Amino acid sequence: LQAKGVPRDATHVVVSAGGNDLLGTIGILRRKVPDVHAALLLLRKAQEKFASDYASMLDNIVSLRRKTVLLLQYNSRMTHFIQFKSEQGAAEAALSMFIDTVISEASKRHLPMLDMRTVMTDPEDWANPIEPSEKGGRKIAEAIAKIVRDHPFDDKRSVIYSFIDEKNSKR
């Protein structure tokens, strides 16, 4: 766990975790099941495993006693892959279930969150389907800096921050 490498004099920790776990569940979207109920149960089982792992990771982070910000996973750009173009909507719907888990776990621990789906809004924000470009990285860094600078950490409040770039947002 990377938490062990946090310097003793660090005042803040920003956590971006779970994205690779979610990529590992993409195969669920292709499974043949008899009905929507069965599909939801498959996703729920994956969500429960994710929740357990994520809660354990958060407990480790919180034990560091640093001001902590969580990044909610962004919608990857599946449309970069020809074979996944039709799966973008399904992937985004499934992601919502996992983000719900992150919100729940963060709220239990009174942690602020950044909704990355509101930061990564422009196709130019992406270097490839799962990683930000230089422009996207700059937007992420600016949003994180604003939270670290302005969030009242001593209030022990869970807040979900969004940062929509008005000139690139889709209405």
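Each remark here, short or long, concerns the structure printed above.
Before going into details, it helps to say that this report is about the structure given with it.

Parameters at a glance
Sequence order as written defines the numbering, with residues in each chain counted from 1. Local features in a predicted model are, by the rule used here, given only for residues with pLDDT of at least 70; side-chain atom pairs are given and counted only at 80 or more, and totals for whole chains, interfaces and linings are based on all residues. In computing side-chain properties, one takes all heavy atoms of the structure into account and sets aside hydrogens as well as water. Strand pairing is assigned whenever DSSP identifies at least 2 bridges connecting the two strands. Runs of E in the DSSP output that reach at least two residues are strands. Runs of H or I that reach at least four are helices, and both are numbered from the N terminus. Here, two residues are considered to be in contact whenever any of their heavy atoms come within 4.5 Å of each other. To obtain an axis, a line is fitted to C-alpha atoms, over the contacting stretch when the element is a helix, and the angle between two such axes runs from 0 to 180 degrees between their N-to-C directions. The pairing test for Phe, Tyr and Trp rings, Trp by its six-membered ring, is centres within 6.5 Å, and the orientation test on the planes gives stacked under 30 degrees, edge-to-face over 60, and tilted for anything in between. The buried label applies to any residue whose accessible area, calculated with a 1.4 Å probe on protein chains only, is under 20% of its type's maximum; exposed applies above 50%, and partly exposed to all values in between. We call two N or O atoms a polar contact when they sit within 3.5 Å, provided that within protein one can donate a hydrogen and the other can accept it, with sequence-adjacent residues counted only if both atoms are side-chain atoms. Throughout this description, the term salt bridge denotes a Lys or Arg side-chain nitrogen within 4 Å of a carboxyl oxygen of Asp or Glu.

1. Section: the sheet that holds strand 3 (residues 113-115)
- In space, the four strands of this open sheet follow the order 1-2-3-4, with parallel pairing throughout. Each edge of the sheet is formed by a strand with only one pairing partner; in this case those strands are strand 1 (12-15) and strand 4 (160-161).
- Here helix 3 (residues 88-108) sits on the sheet and contacts strand 2 (67-72), strand 3 and strand 4; the angle it forms with strand 2, its principal contact strand, is near 165°.

2. Quick word on the packing of aromatic side chains
- Going through the model one piece at a time under the given rule, you end up with three aromatic pairs.
- Geometrically, the ring pair formed by Tyr161 and Phe163 is stacked, given 6.5 Å between the ring centres and 20° between the ring planes.
- The class of Tyr161 is partly exposed, set by a relative accessible area of 21%.
- Connected via pairs of aromatic rings, a cluster forms that spans Phe50, Tyr54 and Phe98.

3. Things to note about the side chain of Glu105
- Looking at where Glu105 falls in the secondary structure, it is placed in helix 3.
- Reaching out from Glu105, the side chain makes a polar contact with the side chain of Arg109 at a distance of 2.7 Å.
- Each residue touching Glu105, except ones within four places of it in the same chain, is listed here: Tyr54, Ala55 and Leu58.

4. A look at the pattern of salt bridges
- On inspection of all chains with the given rule, the structure shows 14 salt bridges.
- One salt bridge in this structure joins Asp150 and Arg149, with 3.4 Å as the shortest N-O distance.
- Judged by its relative accessible area of 43%, Asp150 is partly exposed.
- The exposure class of Arg149 is exposed, given its relative accessible area of 57%.
- Salt bridges sharing partners connect three or more residues here, namely Asp122, Glu124, Asp125, Lys135 and Lys139.

That's the geometry; what it means functionally is another story.
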